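Observations on chain architecture
Spelled out from the first residue to the last, the chains are:
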Amino acid sequence: AVLDVLSGRADIGSHESWAEALCSELLYKHPSIQPDDIWVRTSTVIRDFKSATTDSSSTANTPFETIVLDVMKKDAGRAVEALHSFGGGSGAALPATMTAFLCDLLSLSGRIPRLTPITASQQQQQHVDLRCELFLSASVAVESSFHSLNQDEVGVKTAARLLLLEGSARAKHTLYDLMCRRIPSSDTEAKALIQICQTCPELTD
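All residue numbers refer to positions counted from 1 along the written sequence of the respective chain. At least 70 in pLDDT is required for a residue's local features to be given in this predicted model, at least 80 for side-chain atom pairs to be given and counted, and no such filter applies to totals for whole chains, interfaces and linings, which use all residues. Where side-chain values are given, they derive from all heavy atoms of the structure, hydrogens and water being excluded.

Right, let's get into the packing of aromatic side chains. Whether two aromatic rings pair depends on their centres lying within 6.5 Å, for rings of Phe, Tyr and Trp, where Trp uses its six-membered ring; planes under 30 degrees apart make the pair stacked, over 60 edge-to-face, and the rest tilted. In total, this model carries 2 aromatic pairs according to the counting rule given. Summarising the aromatic geometry, the rings of F64 and F86 are spaced 6.1 Å apart at their centres and angled 50° between planes, so their arrangement reads as tilted. Of this pair, F64 sits in helix α4 (residues 63-72) while F86 sits in helix α5 (residues 76-88), and the two are 22 residues apart along the sequence. We call a residue buried when its accessible area falls under 20% of the maximum for its residue type, exposed when it is over 50%, and partly exposed in between, using a 1.4 Å probe and counting protein chains only. On the basis of relative accessible area, F64 is assigned to the partly exposed category, the value being 45%. Take F86: its relative accessible area is 52%, and that puts it in the exposed class. Between F101 and F135, the ring centres sit 6.1 Å apart and the planes meet at 65°, which makes this aromatic pair edge-to-face. Note that F101 is positioned in helix α6 (residues 93-108) and F135 in helix α7 (residues 130-148), a separation of 34 residues in sequence. A run of DSSP states H or I qualifies as a helix once it reaches four residues; a run of E qualifies as a strand once it reaches two. Both are numbered from the N-terminal end.

Here's what the structure looks like:
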C-alpha cells in the first residue's frame, strides 16, 4: 500500500478522507500542478472520494467543502467569513484576534476592499469598515477573556495594542474609553498605560 501511494497508483477509496487523497495526489501523482488548478483537482477528488466510499448517489459538497474550494479560488473574503463562522465571532479572544489579523493582512495586500457594501441599492449604498469592526470585536473579546481569568492588566494592555494597530478614529475613541475604565493596580502598570497613551496623540491632550 505504501508503494502504491508513493508511486501515485493508490486507489482513492483506500484513503481515510478526501483531504488525505488530495495530499497524496498532489505530492506523488501531480507534484507539478499549477496553483490555479489545485481547486479543480480538489473538486474532482472530493467527488470521486464520495463516489468510492459512500452508498449515496449524492456527491454534493458540504458547506465546509464549498468554503475550502472558494478559498482555493482566491476568494479572500470567504477565508475571513469562514474563520469568523468557525469561532472568530464567538467572543473568544484567540479566534477573534486571528480573524482580525487575517482580515488585516488581506486588506493591506489589496485582496479584499477596506470598505464592504452592506446594502444592495446603488443609489443609497452604505459601507462598513470590516477591518475596523473585527479589530474592535477582538479588543472586546481580549479584555473580556482576561477579565474572566482575573488578569485585567494583561487584557487591557493587549486590547489597547489591538486598537492602536487598527488606528482608525473609532479605534482611538474605543481606546480612550478603555483607558478611562482602567485604574492601574501598580506603578508599573500605570507607567505602561502612560506609554500606550503617548503613542496616540489624541489621548495626551
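Before going further, it helps to examine a nonpolar patch on the surface. Only residues above 30% relative accessible area that lack a salt bridge enter a patch, with like-charged residues linked at up to 9 Å and the nonpolar side chains Val, Leu, Ile, Met, Phe, Trp and Tyr linked at up to 5 Å. Methods summary: accessible areas were calculated by the Shrake-Rupley approach with a probe of 1.4 Å, and residue burial reflects only the protein chains presented. Note on definitions: salt bridges are taken to be side-chain nitrogens of Lys or Arg within 4 Å of carboxyl oxygens of Asp or Glu. Taken together, the side chains of V2, L3, L6, L27 and Y28 define a hydrophobic patch exposed on the protein surface, amounting to about 530 Å² of accessible area. With 3 residues, helix α1 (residues 2-6) is the largest single contributor of residues to the nonpolar patch. Relative to the helices and strands, Y28 resides in helix α2 (residues 18-29). Among the residues examined, Y28 registers a relative accessible area of 37% and is labelled partly exposed.

Time to look at the environment of K157. By secondary structure assignment, the location of K157 is in helix α8 (residues 152-166). Along the backbone, K157 and T99 are 58 residues apart, and their C-alpha atoms lie at a distance of 19 Å. Throughout, a contact is declared for two residues whenever any of their heavy atoms are within 4.5 Å. If sequence neighbours within four positions are ignored, K157 has contacts with E189, A192 and I196.

For the rest of this paragraph, the subject is the packing of α7 against helix α9 (residues 169-181). Helix axes use the C-alpha atoms of the stretch in contact, all axes being lines fitted to C-alpha atoms, and the angles between their N-to-C directions lie in the range 0 to 180 degrees. Relative to each other, α7 and α9 sit at 15°, their axes nearing to 10 Å. With respect to each other, α7 and α9 are oriented roughly parallel. Between α7 and α9 the crossing geometry is right-handed. Residues C132, E133, L136 and E143 of α7 touch α9, and the partners they reach there are R170, A171, T174, L178 and R181. Class assignment of the residues belonging to the contact of α7 with α9 gives a composition of 4 nonpolar, 1 polar and 4 charged. Here the angle decides the label: under 35 degrees means roughly parallel, over 145 means roughly antiparallel, 65 to 115 means roughly perpendicular, and every other value means oblique. Working rule for handedness: look at the near helix, and if it is turned counterclockwise from the far one by less than a right angle, call the crossing left-handed; if clockwise, right-handed. For this scheme, ten residues count as nonpolar: Ala, Val, Leu, Ile, Met, Phe, Trp, Tyr, Cys and Pro. Four count as charged, namely Asp, Glu, Lys and Arg, and the remainder, Gly too, count as polar.

Here we come to the side chain of K50. Among the secondary structure elements, K50 is positioned in helix α3 (residues 38-53). By relative accessible area, K50 is classed as buried at 13%.

Phi angles above zero are rare outside glycine, and K74 is one such case at about 70°. Locating K74 in the fold gives a position in the loop between α4 and α5. The backbone of N150 sits at a positive phi, close to 60°, despite the residue not being glycine. Mapped onto the elements, N150 comes out in the loop between α7 and α8.

So, on to the pattern of salt bridges. According to the stated counting rule, one finds 13 salt bridges in the structure shown. A salt bridge links K74 to D36, with the shortest nitrogen-to-oxygen separation between them at 2.9 Å. In this pair, K74 is assigned in the loop between α4 and α5 and D36 in the loop between α2 and α3, connecting sequence segments 38 residues apart. A salt bridge links E65 to K50, with the nearest nitrogen and oxygen atoms 2.7 Å apart. Placement of the pair is E65 in helix α4 and K50 in helix α3, with a sequence separation of 15 residues. What makes E65 buried here is its relative accessible area of 6%. Because the salt bridges share partners, they merge into one network encompassing D70, R78 and E81.

A few words on the side chain of T97. Inspection of the secondary structure puts T97 in helix α6. The exposure class assigned to T97 is buried, which follows from its relative accessible area of 13%. When residues no more than four places from it in sequence are discounted, the contact partners of T97 are A138, V142 and L162.

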